[in-house]
Amino acid sequence: MLKIGQYNSLKVARNVDFGAYLTDNDGNEVLLPARYITVPLQPGNELEVFVYKDSEDRPVATTEHPFAIVGDFAYLQVTQVNNTGAFLDWGLVGKELLVPYSEQKMKLSRGMVVLVYVYLDDITKRVVASAKIEKFLGNKYPNYKIGQKVEALVYKHTEFGYKAIVDNLFHGMVYENELYKPLEIGKIISAYVKQVRDDGKIDLVLSGSHDGRVDSLMDTILSRLQDQPGGFLPISDSATPETIRATFQCSKKDFKKAIGHLYRERKILITDGGIRLSDEI
């Protein structure tokens, strides 16, 4: 069965003057227009293509990669607006993505960049987008282990922290008091599950296990020392939390553990005035 709005692995059935017909395992055919064919194709060749419907409701294949497929959340730019709705730059030549007026939280205008969810409309079977993202999140209870790594799309800054969309399915939050620098809205980040709350929303942290966090910080400290004249930095475990956070984007607790490990491994010396590379390194 052809998956509209997604990538499909299809085989070449036959070549025609205007392209090639591809087929799935059920015998369904879709045209790959000639402009996407850059090398000769032979019947039986297998291709991965993206499939969507054209303006005449016919499935069409392309080797181009859209900015988002069905099931994705993405920030896309409005290119035009008419009486049907707003159209977004989808990353495909000659094909834009519609946000119907019924799926807009606010009136969209040309040039705006908006967060949308891409889905297959049940009635038209066409790929469309919705700016009402909340109704597509948290529709089932997440099944994550504490510390499990996830991908999260950061989409809103609040007084408590940053809201994020976890694995295109769930509500997530990275709290302000657990961050050492701001997050970028629209960026996809790697994060770790701190806890899954009773309401199904997920608290996230940016670092994994404690040991892994300290190990990474030790590497950062050594690298910074090696870049300094004389291998010295005027910062020690007596520095303020604010100074440590500004210098290494970490907590004072983690900093003290990291330099303690480095000292015991004889890689650094700790003085009242700062830390210095050891002659033994």
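Details of the structure are given in the entry above.
Residues numbered from 1 in each chain as written. Predicted model: local features only at pLDDT ≥ 70, side-chain atom pairs only at ≥ 80, totals over all residues. Heavy atoms only, no water.

(A) Examining the sheet that holds strand β18 (residues 275-277) more closely. The antiparallel open sheet is built from three strands, whose spatial order is β16-β18-β17. Only two strands of the sheet have a single neighbouring strand rather than two, namely β16 (232-233) and β17 (268-270). Here two bridges tie β16 to β18, and the two strands are oriented antiparallel to one another. Paired with Leu233 across the strands is Ile275, a residue of β18. (Pairing = 2+ DSSP bridges. Helix = DSSP H or I, 4+ residues; strand = E, 2+ residues; numbered from the N terminus.)

(B) Molecular detail of the sheet that holds strand β14 (residues 188-196). The strand order around the closed barrel built from five strands is β11-β12-β13-β15-β14, with neighbouring strands paired in mixed fashion. Within the sheet, the average angular offset between the axes of one strand and its neighbour, ignoring direction, is 50°. With five bridges connecting them, strand β11 (residues 149-157) and β14 associate as antiparallel partners. Directly across from Glu151, in β14, lies its bridge partner Ser190. (Axes fitted to C-alpha atoms, helices over the stretch in contact; angles between N-to-C directions.)

(C) How the structure looks around the environment of Ile268. Mapped onto the fold, Ile268 is located in strand β17. Judged by relative accessible area, Ile268 falls into the buried class, the value being 1%. Along the backbone, Ile268 and Phe232 are 36 residues apart, and their C-alpha atoms lie at a distance of 9.5 Å. (Buried < 20%, exposed > 50% of the residue type's maximum accessible area, 1.4 Å probe, protein only.)

(D) Inspection of the packing of aromatic side chains at higher detail. Following the criterion strictly, the structure yields eleven aromatic pairs and no others. Each ring, one from Phe18 and one from Tyr21, has its centre 6.3 Å from the other, and the planes form 85°; the classification is edge-to-face. The class for Phe18 is partly exposed, based on a relative accessible area of 47%. Relative to Phe170, the ring of Tyr144 lies with its centre 5.8 Å away and its plane at 85°, an arrangement referred to as edge-to-face. (Phe/Tyr/Trp six-rings, centres within 6.5 Å; stacked < 30°, edge-to-face > 60°.)

(E) A look at unusual backbone geometry. For Asp167, which is not glycine, the phi torsion reads 50° and is therefore positive. For Asp167, the location among the structural elements is in the loop between β12 (161-166) and β13 (170-175). Overall, the relative accessible area of 31% leaves Asp167 in the partly exposed class. One non-glycine residue, Gln249, adopts positive backbone phi at about 50°. Relative to the helices and strands, Gln249 resides in the loop between α2 (241-248) and α3 (252-264).

(F) How the structure looks around a nonpolar patch on the surface. There is a patch of nonpolar side chains on the surface, built from Tyr263, Leu269 and Ile270 and spanning about 270 Å² of accessible area. Along the chain, the position of Ile270 falls in strand β17. (Patch = residues over 30% accessible without salt bridge, like charges linked within 9 Å, V, L, I, M, F, W, Y side chains within 5 Å. Areas by Shrake-Rupley, 256 points an atom, 1.4 Å probe, with all protein chains shown as cover. Salt bridge = Lys/Arg side-chain N within 4 Å of Asp/Glu carboxyl O.)

(G) Layout of the pairing of β14. Taken together, the four bridges between β14 and strand β15 (residues 202-205) define a ladder with antiparallel strand orientation. Across the sheet, Val193 pairs through a bridge with Leu204, a residue of β15.

(H) Quick peek at the nonpolar core. Formed by 36 residues in total, the largest nonpolar core has its most connected members in Leu22, Leu32, Val49, Leu88, Leu97 and Val116. Sequence-distant contacts of Val49, that is, excluding residues within four places in its chain, are made with Gln6, Tyr7, Asn8, Leu10, Leu22, Leu32, Ala61, Thr62 and Thr63. Of all hydrophobic cores here, the second largest spans 19 residues; its members include Leu217, Met218, Ile221 and Leu233. (Core = buried A, V, L, I, M, F, W, Y, C linked by side-chain atoms within 4.5 Å. Contact = heavy atoms within 4.5 Å.)

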